[in-house]
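Here is what each chain is made of, one letter per residue.
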Amino acid sequence: MNAAVATSVFGAFMVATVALGLLAVRGRGNRGRDGLAEWSVGGRSLGTVFIWVLMAGEGYTSFSYLGAAGWGYNYGAPVLYVVAYMSCGYAVGYVVGPMLWAYARRHGLVGITDMVAHRFGRPWLGALVAVLATVFLLPYIQLQITGMGVVVSTISYGAISLNWAYFIAFAVTTGFVVVSGLRGSAWVSVLKDVLVIATLGFLALYVPMHYFDGYGPFLDRLVTEKSEWLTFPGHGDSGLGQAWFITTSFLNSLTVVIFPTTVAGYLGAKNADVLRRNAMWLPAYNVLLFVPMLLGMAALFVVPGLVGAESNLALFRLVVDSLPAWAVGVIGVAAALSSIVPMAVFMLVIGTMWGRSVLSLVPRWQQRQKGAAQTVVVAAGVIALVLTYTAPNTLVRLSLISYEGMAQLLPMVLLGLVWRRLTLLGAMAGLVVGVGVVCGFVFTENDPVWGVNAGIVALGANLAVALVVTYVGPREHDDRPDGDVLAPDEPEERQETAGSRESELSGVGISEASDAPAGA
């Protein structure tokens, strides 16, 4: 009976989610290049509220809902890096977001693959970056499938196996993103945020009161019995000490601003001021992240003995053991939407990159970019589903792999857009070295290395090689002016406003001069 009630609530909300996505795109254009822009970046017309909930949804995923609780359960204090890097990343985004938005708007671009292809004048470079970014985005899609699968299986009280739950997560999200695009994700983000704030606010009060008779007894017990979880490097021989915390927070705060899904949020804004306002308000959303971290440590006393990937279940074990089925269903919906929204955007971005930068190189696909992108979405989802079955991992580990790999695009994307001297050969050499180093460390299980994040070591090697090759290698000749190659110093709408004001002042002066008496 409990399983029937919880899954019925869950199913009803999933139907409502797909319906909301369809409603969001009703009557919108869906053909040609304009169709791809509408599907992938919401027609560049999303306002402050939609951009806020969409980008908040990017940061608050099943990784945060389940993975943060899991790492709080396993290690404790090191999981606070999530709050640190996201808050710092929003500060960096205050500057970088408007710059990328203006560059894309000026040249009609829809993603980072377009940007690097345009910056270096090589269409094949966009295709190469699309392939590389896809490799590092797939673990994040796998992360969301894993997270939603855990939710579905848990709220069904075990009636739905994890394998079937993973497939349900894949099917629902793939169908949703194919039909709704970025605009539908933004609409559903509103529903998701309402449920996330409500459920986490409730759990933050309920769990300590129900299991420990309040925060005082809970924290006293935590300090007395689990003090190792409250200091670096946390519980166990994790290697996640202060140096790892600092380097991971720094690396991720830089990487998040060029993450293809973050850039999709930037490009969906109707103007650059929307992005600045969001950069100021988004850190407030991070306060919610303390709740699953704390609840993960509360689970140490209630459901001890979870190991490995089972730690992802820490928060939901607390929920299932003590709440009525309908409440379990509602909390499950909030967690599932925390998977669906970001997973939809990740899949959409992969589809857009391939439709615009890879398959568009084939002449017969040039006029069918949206259809090509939607086909790639399904293929990416299938690959991520297969990886979920064959190479499971903890949610935080999957997130770190994605960020460490994506960080290697930083010199090519950010440095390339502000420094004309950077050559294609230098950027490519640095990228090859950076990716090689990070893969070497990750796949030999030497991450952290020397106590620091392996991705920052790889990025250092990447940047050093890029600079050396740029200075000692041949200079490249490009006849285009700086305005066609580099990102603007200020967004275009500010330039246009300044220009119009100058014209108005000039016009007033001419009028006054012509009306003046002769000889004045």
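Keep in mind that what you see is a predicted model, and the values were worked out from it rather than measured. Going along each chain's sequence as written, the residues are numbered from 1 onward. Given that the model is predicted, a residue must reach a pLDDT of at least 70 before its local features are reported, and side-chain atom pairs must reach 80 or more before they are shown or counted; all residues, however, enter totals for whole chains, interfaces and linings. Excluding hydrogens and water, the side-chain values take into account all heavy atoms of the structure.

(A) Molecular detail of the overall build of the protein chain. Helices and strands together make up the secondary structure of the protein chain, namely 22 helices and 0 strands. Working definition: with a 1.4 Å probe on protein chains only, accessible area under 20% of the residue-type maximum means buried, over 50% means exposed, and in between means partly exposed. Across the 520 residues that make up the protein chain, the buried fraction comes to 57%. Residue contacts are defined here by distance: any two heavy atoms, one from each residue, within 4.5 Å place the two residues in contact. Sequence separation of at least 24 residues holds for 84% of the intrachain contacts in the protein chain that already meet a minimum separation of 6. The Shrake-Rupley method, run with a 1.4 Å probe sphere, supplies the accessible areas, and residue values consider only the shown protein chains as cover. Accessible surface computed for the protein chain: about 20400 Å², of which carbon and sulfur atoms make up 65%. In this text, helices come from DSSP runs of H or I with a minimum length of four residues, and strands from runs of E with a minimum of two, each type numbered from the N-terminal end.

(B) Quick look at unusual backbone geometry. With an omega of 5 degrees, the peptide bond running from Phe-232 to Pro-233 counts as cis. With respect to the helices and strands, Pro-233 occurs in the loop between helix H9 (215-225) and helix H10 (242-255). Residue Pro-448 follows Asp-447 across a cis peptide bond; omega there is 5 degrees. Here Pro-448 lies in the loop between helix H19 (424-443) and helix H20 (454-472).

(C) Expanded view of the pattern of salt bridges. What counts as a salt bridge is simple: a side-chain nitrogen of Lys or Arg found within 4 Å of a carboxyl oxygen of Asp or Glu. One pass over the full model with this rule turns up 4 salt bridges. When the shortest N-O distance is used, the salt bridge between Glu-225 and Arg-221 registers 3.2 Å. Placement of both Glu-225 and Arg-221 in helix H9 is noted, with a separation of 4 residues, approximately one turn of the helix. Overall, the relative accessible area of 33% leaves Arg-221 in the partly exposed class.

(D) Quick look at the confidence of the model for the protein chain. As a per-residue measure, pLDDT reflects the predictor's confidence and takes values from 0 up to 100. The predicted model of the protein chain averages 82 in pLDDT, with 82% of residues at 70 or higher. In the model, residues 30-34 has pLDDT below 50 throughout and makes 4 contacts with residues more than four positions away in sequence or in other chains.

(E) The arrangement of empty space enclosed by the protein in detail. Cavities and pockets are defined on a 1 Å grid built over the protein atoms alone: a cavity is a set of grid points where a 1.4 Å probe fits but cannot escape, while a pocket is an open set with protein on both sides within 12 Å along at least five of seven lines, and lining residues are those with an atom within 4 Å of any such point. Grid points are joined across faces, edges and corners, and a volume is the space filled by probe spheres set on the points. Within the structure shown, the criterion is met by 3 cavities of 30 Å³ or more. Contributing elements (two or more residues each) for the lining of the second largest cavity: helix H6 (112-120), helix H11 (260-267) and helix H15 (325-358). The element that contributes the greatest number of residues to the lining of the second largest cavity is H15, accounting for 4 residues. Note on residue categories: nonpolar means Ala, Val, Leu, Ile, Met, Phe, Trp, Tyr, Cys or Pro, charged means Asp, Glu, Lys or Arg, and polar means any other residue, Gly included. Its residues assigned to classes, the lining of the second largest cavity comprises 8 nonpolar, 4 polar and no charged.

(F) Here's a closer look at the environment of Leu-417. With respect to the element layout, Leu-417 can be found in helix H18 (residues 410-418). Linking Leu-417 and Phe-120, residues 297 residues apart in sequence, is a C-alpha distance of 9.6 Å. Once residues lying within four places of it in the same chain are set aside, the contact partners of Leu-417 are Leu-100, Tyr-103, Arg-119, Val-485, Leu-486 and Ala-487.

(G) Looking closely at the packing of H11 against H15. Note on geometry: axes are C-alpha line fits, over the in-contact stretch for helices, and angles between N-to-C directions span 0 to 180 degrees. One way to put it is that H11 packs onto H15 with a least axis distance of 9 Å and a crossing angle of 85 degrees. By the angle class used here, H11 and H15 are roughly perpendicular. Listed contacts from H15 to Pro-260, Thr-261 and Ala-264 of H11 are Val-345, Phe-346, Val-349 and Met-353. Within the contact of H11 with H15, the residues separate by chemical class into 6 nonpolar, 1 polar and no charged. Throughout this description, any angle smaller than 35 degrees is read as roughly parallel, any larger than 145 degrees as roughly antiparallel, any in the 65 to 115 degree range as roughly perpendicular, and the remainder as oblique.

(H) Local environment of the environment of Ile-168. Locating Ile-168 in the fold gives a position in helix H8 (residues 162-212). Judged by its relative accessible area of 27%, Ile-168 is partly exposed. With sequence-adjacent residues up to four places away left out, Ile-168 is seen in contact with Val-152 and Ile-160.

(I) View of the environment of Ala-4. If you trace the backbone, Ala-4 turns up in helix H1 (residues 2-24). Here Ala-4 falls in the partly exposed class, since its relative accessible area comes to 41%. Through-space distance from the C-alpha of Ala-4 to that of Tyr-157 is 9.3 Å; in sequence the pair is 153 residues apart.

(J) Summary view of the packing of H18 against H20. Two numbers describe how H18 lies on H20: the axes approach to 10 Å, and their chain directions differ by 50 degrees. When the axis of H18 is compared with that of H20, the two are oblique. Where H18 crosses over H20, the two elements pack in a sense that is right-handed. Facing Leu-410, Pro-411 and Leu-415 of H18, the residues of H20 in contact are Leu-459, Asn-462, Leu-463 and Leu-467. Taken together, the residues that form the contact of H18 with H20 break down as 6 nonpolar, 1 polar and no charged. Here a crossing is taken to be left-handed if its near helix is turned anticlockwise relative to the far helix by less than a right angle, and right-handed if that turn runs clockwise.

(K) The arrangement of the packing of aromatic side chains in detail. Stacked, edge-to-face and tilted labels apply to pairs of Phe, Tyr and Trp rings (six-membered ring for Trp) whose centres lie within 6.5 Å, assigned for plane angles under 30 degrees, over 60, and everything in between, in that order. The final tally for this structure, using the stated rule, is 20 aromatic pairs. For the ring pair Phe-212 and Phe-218, a centre distance of 4.8 Å and an interplane angle of 40 degrees mean the geometry is tilted. Relative to Phe-301, the ring of Phe-212 lies with its centre 5.9 Å away and its plane at 80 degrees, an arrangement referred to as edge-to-face. Remark: Phe-301 occurs in helix H13 (residues 290-302) and Phe-212 occurs in helix H8; sequence separation between them is 89 residues.

(L) Geometry of the nonpolar core. Among the buried residues, those of types Ala, Val, Leu, Ile, Met, Phe, Trp, Tyr and Cys that are joined through side-chain atoms within 4.5 Å form a nonpolar core. Membership of the largest hydrophobic core comes to 148 residues, with the highest contact counts inside it found for Met-14, Ile-141, Ile-145, Met-148, Leu-409 and Met-412. Per-element tally for this core: the top contributor is H15, with 20 residues.

(M) Region of interest: a nonpolar patch on the surface. Surface patches are defined over residues having more than 30% relative accessible area and no salt bridge, joining like charges when they lie within 9 Å and nonpolar side chains (Val, Leu, Ile, Met, Phe, Trp, Tyr) when within 5 Å. On the surface, a cluster of nonpolar side chains totalling about 470 Å² of accessible area is made up of Leu-463, Leu-467, Val-468, Tyr-471 and Val-472. By secondary structure assignment, the location of Leu-467 is in helix H20. Residue classification places Leu-467 among the partly exposed residues on the basis of a relative accessible area of 30%.

(N) Up close: H10. Given the number of residues in a helix, its expected span is that number minus one, multiplied by 1.5 Å. With 14 residues, H10 ought to run about 20 Å at 1.5 Å a step, and its terminal C-alpha atoms sit 20 Å apart, in line with that. For H10, the full list of buried residues reads Trp-244, Phe-245, Thr-247, Thr-248, Ser-249, Leu-251, Asn-252, Ser-253 and Thr-255.

(O) Here's a closer look at helix H12 (residues 272-281). Among all positions in H12, only Ala-272, Val-274, Leu-275, Arg-276, Asn-278 and Ala-279 are buried. Two N or O atoms form a polar contact when they lie within 3.5 Å of each other; inside protein one atom must be a possible hydrogen donor and the other a possible acceptor, and for residues adjacent in sequence the pair counts only when both atoms belong to side chains. Near the N-terminus of H12, the side chain that reaches the backbone nitrogen of Asp-273, with its oxygen 3.1 Å away, is that of Asn-271.

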